[in-house]
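Descriptive analysis of the structure
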Amino acid sequence: MEPRNVAALILKGDRAADDRAATSYYQLAVSQGQGAQVADPATKALISQAQAKLTRMAERFATHLRATMAAHPASARFEEAVALLLGEKQLYFQSPTNFFFPGLPHRQFFPPVEFDWAAGLMTETDEIETELRAFLEEGAGLSPYVRADPTRASRGHALLDDPRWSAFHLFENGHPVPRAEERFPRTMAALARVPMPVIAARSPMALFSVLQPDTHIPPHTGMLNTRLICHLPLIVPAGCTLRVGNDVRPVERGKLMIFDDSIEHEALKSSGHDAGRSAVRGVAPRAFGRRARGVDGAVRIRWPLRWRAMTRKAEIT
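Here the structure is a predicted model, which is why all the values come from computation and not from measurement. (Residues numbered from 1 in each chain as written. Predicted model: local features only at pLDDT ≥ 70, side-chain atom pairs only at ≥ 80, totals over all residues. Heavy atoms only, no water.)

**Considering the pairing of strand β10 (residues 247-250)**
- With 4 bridges joining them, strand β9 (residues 240-244) and β10 adopt antiparallel strand pairing. Bridge pairing in β10 links L242 to R249.
- Linking β9 back to β10 in an antiparallel pair, the connection comprises 2 residues, with G245 at a positive phi of about 60 degrees. (Pairing = 2+ DSSP bridges. Helix = DSSP H or I, 4+ residues; strand = E, 2+ residues; numbered from the N terminus.)

Listed below in structure tokens is the structure:
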């Protein structure tokens, strides 16, 4: 008797009492066929038939599950769990390039309502955009967001030293940029009302981030899982989206986007627009500190948000 004989497993699946039992046999048969060199044409045909049967049973299960859920509406969180179960979404985890702090929740986006300062900042959208537009009309002052460091090896970022993704820092390496308060008084005043942690030579950090038309920021992850990225979109043409993990969201002017950049993310924009996207970007700490990242076609400001896990102090030395 051969308990892993492909033909025998498929025959047992055909005679099973229900789809759940049949699935167990078909799945094992298919995996056996994939893990071995199957030369027999008849066995290959049986494996193909088993794969087709698995597909039909999966479709029946999905239809049944969706019908049941339609009759009993569930939370967005449960909806995502079902989508993962059905293979409609991929599972993503935090995967920072440099430092991983264990125990922090793997959440892709954070609702602005969870931050008591968020609503106030969003009310400043018009004033911040007005200052930004005046600056952009001058046609100078922006520099590539991703810049080569002569003291470090290059990792070959797709937009390295590329002006299609540009920035103007308001706070950089923990210090306000000279003339920022003079040029952007309303913006700097708005940031002053946001809790910004102080980390020597690192934070606060805040900037305007500008993407040119049809610029794609490819999938990547941030350095740390101890910070959140914050975007306040200001100038946004139609078709701009931000994907974080398996969640793709439209970028909308004046609506904060707060997300975990240690989870794979990318900025996408539909083609055919003659304007780039601009937004305010900021950093929000979770355990040490979290930073905001730019989105294609939008200008944003980065600013630190709040401590989450390790320290409750606003300063680290």
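There is more to say, and it comes next.
**Some details on the environment of S203**
- Looking at where S203 falls in the secondary structure, it is placed in the loop between β5 (198-199) and β6 (206-211).
- Along the primary structure S203 and E172 are separated by 31 residues, whereas in three dimensions their C-alpha atoms are 7.2 Å apart.

**Quick notes on the nonpolar core**
- Grouped together as the largest cluster of nonpolar side chains are 28 residues, with contacts concentrated most on W117, L121 and L170.
- Of all elements in the fold, only α5 (118-122), α6 (125-138), β3 (165-172), α8 (185-192), β6 and β8 (227-235) reach the threshold of two or more residues within this core.
- Among the elements that line this core, the one with the most residues is β8, at 5 residues.
- Among the nonpolar cores identified, the runner-up in size contains 11 residues, and V30, A50, L54 and M57 belong to it. (Core = buried A, V, L, I, M, F, W, Y, C linked by side-chain atoms within 4.5 Å. Buried < 20%, exposed > 50% of the residue type's maximum accessible area, 1.4 Å probe, protein only.)

**What about the packing of aromatic side chains?**
- Scanning all chains against the criterion turns up 7 aromatic pairs.
- Between F168 and F184, the ring centres sit 5.5 Å apart and the planes meet at 55 degrees, which makes this aromatic pair tilted. Within this pair, whereas F168 is found in strand β3, its partner F184 is found in the loop between α7 (180-183) and α8, the two being separated by 16 residues in sequence.
- For F168, a relative accessible area of 11% puts it in the buried group.
- Overall, F184 belongs to the buried group, its relative accessible area being 1%. (Phe/Tyr/Trp six-rings, centres within 6.5 Å; stacked < 30°, edge-to-face > 60°.)

**Some words on helix α1 (residues 6-14)**
- Turning to α1, its buried residues are V6, L9, I10 and G13. End-on view of α1: buried residues confined to an arc of 95 degrees, all on one side of the axis.
- A distance of 3.1 Å separates the backbone nitrogen of A7 from a side-chain oxygen at the start of α1, and that oxygen is part of N5. (Arc of directions from axis to C-beta. Polar contact = N/O pair within 3.5 Å; in protein donor to acceptor, adjacent residues only side chain to side chain.)

**Regarding the environment of H106**
- Among the secondary structure elements, H106 is positioned in the loop between α4 (76-85) and β1 (109-110).
- On the accessibility criterion, H106 (39% relative accessible area) is partly exposed.
- With 13 residues separating them in the primary sequence, H106 and F93 have C-alpha atoms 6.2 Å apart.
- A polar atom in the side chain of H106 sits 3.0 Å from the backbone nitrogen of Q94.

**Here we look at the confidence of the model for the protein**
- Looking at the protein as a whole, its pLDDT mean stands at 82, while 82% of the residues score no less than 70.
- The secondary-structure element of the protein with the lowest mean pLDDT is strand β14 (residues 315-316), recorded at 30, while β1 shows the highest, at 96.
- A low-confidence stretch, residues 287-317 stays under pLDDT 50, and its non-local contacts, those more than four residues away or across chains, total 217 contacts. (pLDDT = per-residue confidence, 0-100. Contact = heavy atoms within 4.5 Å.)

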